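# Results of the structural survey
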Amino acid sequence: MNYAGRFNSFIFKGENVFDAIEAYKNMDGITHLEFNYPEHIEGYDFEELKAAIAPLKVNGLAVRWRKDFLDGNFTNPNNSLRERAIQMSKDACDVCRELGGSVITLWFENDGFDYPFQIDYEKDWKLLVEGLREVADYAPDMKISIEYKPFEERNFALVDSAGMTLYLVNEVDRDNVGCTLDYCHMLMKHDNPSFGLALAASKGKLFGLHMNDGYGVQDSGLIFGSLSFAQSAEFVYYLEKYNYDGVVFFDTFPIREESKAECQANIDAFELIKAKIDKQGVDNITEVVSKHDGISAQGLILDLLR
């Protein structure tokens, strides 16, 4: 598997981008890096960044619009801000290409609403679709990947579920537009993570993963597999079934934990669960699934725990 960790796990504790790169280079299992744009890129020399990154690779960039865009990203009622949000996404494509990456992750944190009668739903949906088409057509060599979250920063997000994400992907209708699934966001929506994964992967639209865990009430960002073992194992099974060969990005929040050890705990958990799935065998698990039977499914879960 290819693994990447979260830069802000280090930066929020006073370290800089180069410190984080060095930490990841000395970790057992990290193969790729993922940056936020522009916050992890702005002010740095590209050649210095590329020299620091080697021999790791860059998977992609996640666009962060932040405080100027509280009223919306691609649906901002201020057209100049909307155009700026779209341009930032295009700029991220250029930077990503320069750094050797291929995935631009778009989480529309402010495209949503808080009150009834606050937005025109049809109008804003069309603006979102049109903005995505513009970015996708600008950089057809980049994978434009939509990350959904049901709420936070808004009380209701326009793109709030696996189903809505795939509907949006279909509406945009571009080969290079797909989705990034965040495990904790799926729990927040009460989506079963593996259901969304199977639908996206079966259509060739699974472009990225954000792995973590939580209780489903907020974006907890806990260590992968620490709470929902059975669902985590099912998720890894479907990754194996659909031959996912992208990067597994650990989007977890070590607020009290030491950053490097916390990231390593994610890798170790994923590797252990993957080893258990491989030991059972995808074909054998598929046979259990085909029985459509809860007792057989529970027997498999107990076997995985042994």
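Bear in mind the structure is a predicted one, so any value in this text is a computation, not a measurement. (Residues numbered from 1 in each chain as written. Predicted model: local features only at pLDDT ≥ 70, side-chain atom pairs only at ≥ 80, totals over all residues. Heavy atoms only, no water.)

Let's shift gears to the pattern of salt bridges. All told, the structure shown has 17 salt bridges when counted by the stated rule. A salt bridge links Arg-6 to Asp-251, with the shortest nitrogen-to-oxygen separation between them at 3.6 Å. Note that Arg-6 is positioned in the loop between strand 1 (2-5) and helix 1 (8-11) and Asp-251 in the loop between strand 10 (247-250) and helix 10 (259-280), a separation of 245 residues in sequence. On the basis of relative accessibility, which here comes to 14%, the residue Arg-6 falls in the buried class. Given the relative accessible area of 11%, Asp-251 is considered buried. For Lys-149, the salt bridge goes to Glu-152, with nearest N and O atoms at 3.3 Å. On the basis of relative accessible area, Lys-149 is assigned to the buried category, the value being 6%. With relative accessibility at 29%, the residue Glu-152 sits in the partly exposed group. (Salt bridge = Lys/Arg side-chain N within 4 Å of Asp/Glu carboxyl O. Helix = DSSP H or I, 4+ residues; strand = E, 2+ residues; numbered from the N terminus. Buried < 20%, exposed > 50% of the residue type's maximum accessible area, 1.4 Å probe, protein only.)

Enumeration according to the criterion identifies 18 aromatic pairs in this entry. Considering the side-chain rings of Phe-113 and Phe-156, the 5.1 Å spacing of their centres and the 10° angle between planes classify their relative orientation as stacked. One end of the pair, Phe-113, is in strand 5 (residues 112-113); the other, Phe-156, is in strand 7 (residues 156-157), and 43 residues separate them in sequence. Taking the relative accessible area as the measure of exposure, Phe-156 reaches 45% and is therefore partly exposed. (Phe/Tyr/Trp six-rings, centres within 6.5 Å; stacked < 30°, edge-to-face > 60°.)

Where burial is concerned, most of strand 2 (residues 32-37) is hidden: 6 out of the 6 residues are buried. Neither face of strand 2 is left uncovered, since the one carrying His-32, Glu-34 and Asn-36 and the one carrying Leu-33, Phe-35 and Tyr-37 both have all their residues buried. Considered for its hand, the β-α-β crossover made up of strand 2, helix 3 (residues 46-53) and strand 3 (residues 57-63) is right-handed. (Right-handed = clockwise from strand over helix to strand, strands pointing away.)

Here the bond from Ala-54 into Pro-55 is cis, since omega is 10°, no more than 30 degrees from zero. Mapping Pro-55 onto the fold places it in the loop between helix 3 and strand 3. One non-glycine residue with positive phi stands out, namely Phe-117, at about 70°. Along the polypeptide, Phe-117 turns up in the loop between strand 5 and helix 5 (121-138). A positive phi is found at Glu-152, a non-glycine position, where the angle reads about 70°.

Taken together, the side chains of Tyr-215, Val-217, Leu-222 and Leu-227 define a hydrophobic patch exposed on the protein surface, amounting to about 400 Å² of accessible area. Looking at where Leu-227 falls in the secondary structure, it is placed in the loop between strand 9 (206-211) and helix 9 (229-241). (Patch = residues over 30% accessible without salt bridge, like charges linked within 9 Å, V, L, I, M, F, W, Y side chains within 5 Å. Areas by Shrake-Rupley, 256 points an atom, 1.4 Å probe, with all protein chains shown as cover.)

Moving on, we come to the sheet that holds strand 1. Strand order in the open sheet formed by 8 strands is 1-10-9-8-6-4-3-2, and the pairing between neighbours is parallel. Two strands lie at the open edges of the sheet, namely strand 1 and strand 2, each paired on one side alone. Going across the sheet, the axis of each strand differs from the next one's by a mean of 25°, ignoring polarity. Pairing between strand 9 and strand 10: 3 bridges, direction parallel. Residue pairing across strands places Leu-209 opposite Val-248, the latter belonging to strand 10. Sheet strands in contact with helix 4 (residues 79-98) are strand 2, strand 3, strand 4 (103-107) and strand 6 (143-147), and its direction is about 170° off that of strand 3. Here helix 5 sits on the sheet and contacts strand 4, strand 6 and strand 8 (177-182); the angle it forms with strand 6, its principal contact strand, is near 150°. (Pairing = 2+ DSSP bridges. Axes fitted to C-alpha atoms, helices over the stretch in contact; angles between N-to-C directions. Contact = heavy atoms within 4.5 Å.)

The next thing to look at is the nonpolar core. The tendency in soluble globular proteins is for nonpolar side chains to be buried side by side. Counting 89 residues, the largest nonpolar core has Phe-35, Leu-61, Phe-74, Ile-104 and Ile-144 as its most contacted members. The element best represented in this core is helix 4, accounting for 8 residues. Here Leu-61 is in contact with Phe-35, Tyr-37, Ile-41, Ala-92, Val-95, Cys-96, Val-103, Ile-104 and Thr-105, once residues within four sequence places are set aside. (Core = buried A, V, L, I, M, F, W, Y, C linked by side-chain atoms within 4.5 Å.)

Moving on to helix 2 (residues 17-25). Considered for burial, the residues of helix 2 that qualify are Val-17, Ala-20, Ile-21, Ala-23 and Tyr-24. On an axial view of helix 2, the arc spanned by its buried residues comes to 160°, and they lie on one face. Check the buried side of helix 2 and you find it contacts strand 1, helix 1, strand 2, helix 3 and helix 10. Of the residues that open helix 2, the one with a side-chain oxygen 3.0 Å from the backbone nitrogen of Phe-18 is Asn-16. (Arc of directions from axis to C-beta. Polar contact = N/O pair within 3.5 Å; in protein donor to acceptor, adjacent residues only side chain to side chain.)

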